[in-house]
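As a plain string of letters, each chain reads:
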Amino acid sequence: MIRRVDWSGLLVAVVIAVPSGALRAQAAADSAAPDMCASCHASLPMERLAGPVTLFADDIHAHQGFGCVDCHGGDPTAPGFASMDPRRGFVGRPVGRQVLQVCGRCHSDAGFMRQYNPGLRVDQVVEYSSSVHGQRLMGQGDTAVATCVSCHPAHQIRPPSDSRSSVAPENVATTCGACHADTVRMQPYGIPTNQLERYQESAHWEALSALGDRSAPTCNDCHGNHGAAPPGVGWVGNVCGQCHSVMADYFATSRHAQVFTAMGIPGCAACHGNHAIARTNDTLLGVGDGAVCVRCHVAGAGGGLVAASMRQAIDSLHASFMLADSLLQTAEQAGMEVSQPQFDLENAQTALLQARTAVHTFVHDSVQRHVDEGLEVTASAITRGHGALDDLRFRRVGLGVSTGVIVLLIGSLVLRIWQLERAS
Amino acid sequence: MSDAPRPRSGTRRGFLDWLLSRTLTTWILSTSLGGLIVAVIYPVGRYLMPPASGESAASSVTLPYTPDELAPNSAKIFKFGNRPGIIVRTATGELRAFSAACTHLGCIVQLREDLGHFWCACHNGHFDLNGVNIQGPPPRPLDAFEVNVRGDQIVVSKGA
Amino acid sequence: MMHPMRRTLTTVWEWLDDRIGLAAFQAIAKKKEVPVHRHTLWYYLGGMTLFLFIVQLGTGALLLIYYRPSAEEAYESIQFLMAEVQFGWLIRSIHHWAANLMILALFLHMFSVLLLKAFWKPRELTWISGFFLFGLSLTFGFTGYLLPWNELAYFATRVGTQIIAVVPVVGETMLRVLRGGDDVTGATLTRFYAIHVALLPATALVMLGLHLFLVQRHGMSVPPSVEDAGGPKRVMPFFPNFLLRDLVGWLTALAILAALAAYLPAELGAKADPFASAPAGIKPEWYFMFMFQSLKYLPAHILWFEGEVVGILAFAAGGVYLLLIPFIDRHTGREHTRLFTWITIGIIAFIIVLTYLGYTANPTA
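Everything in this summary refers to the structure shown in the same document. Computed from a prediction, not measured in an experiment: that's the story for all the values here. Residues take numbers from 1 onward in each chain, read along the sequence in its written order. Starting at A for chains and at 1 for ligands, labels are handed out in the order in which the entities are written. Thresholds applied to this predicted model are a pLDDT of at least 70 for local features of residues and 80 or more for the giving and counting of side-chain atom pairs; totals over whole chains, interfaces and linings are not thresholded and use all residues. Excluding hydrogens and water, the side-chain values take into account all heavy atoms of the structure.

Concerning the overall build of chain B
Then comes step 1: Numbering of helices and strands runs from the N terminus, with a helix taken as a DSSP run of H or I at least four residues long and a strand as a DSSP run of E at least two residues long. When helices and strands are tallied, chain B shows two helices and ten strands.
Then comes step 2: Reading chain B from its N terminus to its C terminus gives the helix and strand order α-α-β-β-β-β-β-β-β-β-β-β.
Then comes step 3: For chain B, buried positions account for 37% of its 160 residues.
Then comes step 4: The contact definition used throughout considers only heavy atoms, calling two residues in contact when any of these lie within 4.5 Å. In chain B, the share of contacts with a sequence separation of at least 24, taken over all contacts with a separation of at least 6, comes to 39%. Burial classes follow relative accessibility: with a 1.4 Å probe on protein chains only, a residue under 20% of its type's maximum area counts as buried, one over 50% as exposed, and anything between as partly exposed.

As structure tokens, then:
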């Protein structure tokens, strides 16, 4: 922790050394003067040197009136190679720590950033130094780690709200995966490279990619975007509770919370996994196939008994709900009016979800309480469903009676015709 | 039917004559005709009775209570078609209505008077009084309905 | 000794007779006779169609009470009718099934008249008024199909109206007039509604009046085969003998309708979404199936014309042939050619085979 403060102090010092007010004035002046950098570089045959000119046109910094010299230094008014004289402040292609200085010069200056985007945080460089990336770069001089431009590719930086951006929620996983899924690149660090693949099996990725929910978590939501964990969170394992707060609250007060901490087991991840967090279902609970409880507990004793009884309670409500639902649907398809019972049955769905949530207390009674509430609702729906089906039978009986009347009428008519013609 | 009646044995003939006597057939005929008329009139009469729900609740619904019954900072659940809706009177006295199905997993949301906004008990989702999801897992705001007060009636309709 | 009930009835009768002249109707009814022979059965089909038409008028009027003719509310109002209104399902299902049975009875009636040569002089106008009633009934079916504003009807109407665009020169304009715009929208719905509940019933009632008047004026036609064999042996009085038999038929139809409505209620399906892609298995009502299916078999081009245009023109020509058949297939003395009978049998076979194929052939093949 102390190390982090040291580093941030150093960086802030670097940042303040450059008067940012002057820079702002310079940016304004640049947009008026002819930009020699762009006109020369655009005509160069090497993609490496010409490419940035075209790319940069659509960079958020270009939109805000910044030019090449704001990052690369030099003098755009000087002719030819003279413009790129280090004595005129030319820095060329910033690498390693230089990148942090170049970006941080503006992005760590709250007064400066306020002119462009008052809502943007200014602690990215400080946060970065707390991350593993930052520590390796600053402490061990490892230049292979990610810096600003690894995730925000220079010359094509776009805000996260732009779906083409490398840091738009739907693209973050591929952006991180560009390095972290690369086995060659990760080999010296000895860390797994399957996170991207595993994440893309998860319910979170499904919500983000298939359901278009941009608030669904991706890499940075748990691991932090610049720092080691999201702002305000001490440890990755605590991130889940930010969204899944009821479960986190239940879990925090449960016996598992203490035991897991003592045993060094990660909280939520112990049962739900980390990257490939699947959509949960009732099979996770209990002592049967696919149940996670039996990883520690023995079926038929202690915790195993509790797990089995919670599962049994939830199953009973689920079965009762399905029965009520199918009864009402059958009645509805037969043209019966069951919208009120169907409406009331929604409360059973709510109770079922609450019961499933209450599993995280790991106390049978708190689950049973919600189950009982739900069973009351389903029982009433089942009664009304049967009532509707009885009504349907009554309809058919009514039809039978009317048909009987019609047949009787037909019969008597036939008789009457016969009488008529016998007489004549 | 045009065949001439064949000769029959005594008792059988007597029975048939009885069966075919015009009085009896007339009686059966008029009774079953009456039955048929009832079988037609009854469903038509029931059909003409206005249903309890008044009119098609497809795009609007009239709530079963008056605006006075909703105190400031309170809410009620109502039935919109067969989906739940929630109507709230804000602390400033304004009436607003939303779909009450939480956008996370469809639980029914409620007004938390202590917080002054909507809350879903299932997974602690919070929505402000504009229906916007402000905390927890819900991915998007609650669908908003239009509220109109006509005299003593509150009419909630789907926005255009 | 007169029964008191009978005495009251007699008084009422006399009161009415003095004012309306019921005796004249009684005289007509007494005089009217129906020939009895081996083809007498076919005489019942006209009455059956009439009965089903009356059922349609009654149930149609009842449906109007709850139906709302707009793209926003049509589907919902029917949903409401089916779910909330007591016996709403019954009224709608009977309207649905009686429509189908009526068209079926009409087909049988028309082809029996064709085969039994009942359109010969002096019944040319009876045939023509009947042919128009047939056309009106098909239009009833086509416009009524769209009114619930469900997915299947929406796309079937889109395909069905599109056909009119192939008419040379005026086709595009006619399509726009029919649809009330370039596409099938809420504007089409209100148009079809006006046609279905106002224009068609009014026209059909006038035409029906003419048809019944002519039937009454000329009496029942005796088929040439019976005439050749020396004419009908017997006649039966229309009232009450024939009418009572008619009643038996009508009551049977009513029982069948009730059973169909209770066991196979009319479906509603999903609401029409003009922006959704067309669902698989769009099909027209069964009585349009033979035309729909034959257009599928036509090659893209026949000589210099588009296959579809040729198909439509061929069906139009077929319609004109049927309309004018009393003037084509004339009755000239006792000798008559069998050619037209064979043409009629050919048409019936064509309709049956193509309708069968329409329901059995693989739509993607």
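Let us keep going from here.
Describing the pairing of strand 9 (residues 144-150) of chain B
All names here are of chain B.
Then comes step 1: A pair of strands is considered paired only if DSSP assigns at least 2 bridges between the two. Bridging between strand 4 (residues 95-99) and strand 9 involves two bridges; their strand directions are antiparallel. Bridged to Ala97 within strand 9 is Phe145.
Then comes step 2: Alignment of strand 9 against strand 10 (residues 153-158), held across six bridges, turns out to be antiparallel. Counted as the bridge partner of Val149 is Ile154 from strand 10.

Details of the interface of chain B and chain A
Then comes step 1: The interface of chain B with chain A comprises 32 residues on the first partner and 33 residues on the second.
Then comes step 2: One speaks of a salt bridge when a side-chain nitrogen belonging to Lys or Arg is within 4 Å of a carboxyl oxygen belonging to Asp or Glu. For the pair chain B and chain A, the number of links is zero salt bridges.
Then comes step 3: Polar contact criterion, stated in full: a pair of N or O atoms within 3.5 Å, where within protein one must be able to donate a hydrogen and the other to accept it, and residues adjacent in sequence count only if both atoms are side-chain atoms. At the boundary of chain B with chain A, the tally comes to five residue pairs in polar contact (both at pLDDT 80 or more).
Then comes step 4: Those elements giving two or more residues to the side of chain B that touches chain A turn out to be helix 1 (10-20), helix 2 (22-48), strand 2 (74-80) and strand 3 (83-89) of chain B.
Then comes step 5: Top element by residues in the side of chain B that touches chain A is helix 2 of chain B. It accounts for ten residues.
Then comes step 6: Just so you know the grouping, Ala, Val, Leu, Ile, Met, Phe, Trp, Tyr, Cys and Pro go in nonpolar, Asp, Glu, Lys and Arg go in charged, and all remaining residues, Gly too, go in polar. Across the side of chain B that touches chain A, the residue classes tally to 18 nonpolar, ten polar and four charged.

What about the environment of Arg255 of chain A?
Residues and elements named next belong to chain A.
Then comes step 1: Tracing the backbone shows Arg255 in helix 19 (residues 255-263).
Then comes step 2: We classify Arg255 as exposed; its relative accessible area is 72%.
Then comes step 3: Expressed as a C-alpha distance, the spacing of Arg255 and His297, which sit 42 residues apart in the sequence, is 14 Å.

A look at the packing of aromatic side chains
Then comes step 1: Centres within 6.5 Å are what make two rings of Phe, Tyr or Trp a pair, Trp counting through its six-membered ring; a difference in plane orientation under 30 degrees is then read as stacked, over 60 as edge-to-face, and the rest as tilted. Inspection of every chain in the model, using the stated rule, returns 29 aromatic pairs over all chains.
Then comes step 2: Judged by centre distance (5.3 Å) and plane angle (45°), the rings of Phe66 of chain A and Tyr116 of chain A are tilted. Within this pair, whereas Phe66 of chain A is found in the loop between helix 5 (60-63) and helix 6 (69-72), its partner Tyr116 of chain A is found in the loop between helix 8 (110-113) and helix 9 (124-130), the two being separated by 50 residues in sequence. Assigned by exposure class, Phe66 of chain A and Tyr116 of chain A land together as buried.
Then comes step 3: Through pairs of rings, three or more aromatic residues link up here, namely Phe107, Phe111, Phe131, Phe134, Phe142, Phe192, Trp286, Tyr287 and Phe288 of chain C.
Then comes step 4: The rule is short: NZ of Lys or CZ of Arg within 6 Å of the ring centre and within 35 degrees of the ring normal puts a charge over the ring. Sitting over the face of the ring of Trp119 of chain B, Arg112 of chain B holds its NZ or CZ atom 4.6 Å from the ring centroid.
Then comes step 5: Above the plane of the ring of Trp15 of chain C lies Arg19 of chain C, whose end atom (NZ or CZ) is 4.0 Å from the centre.

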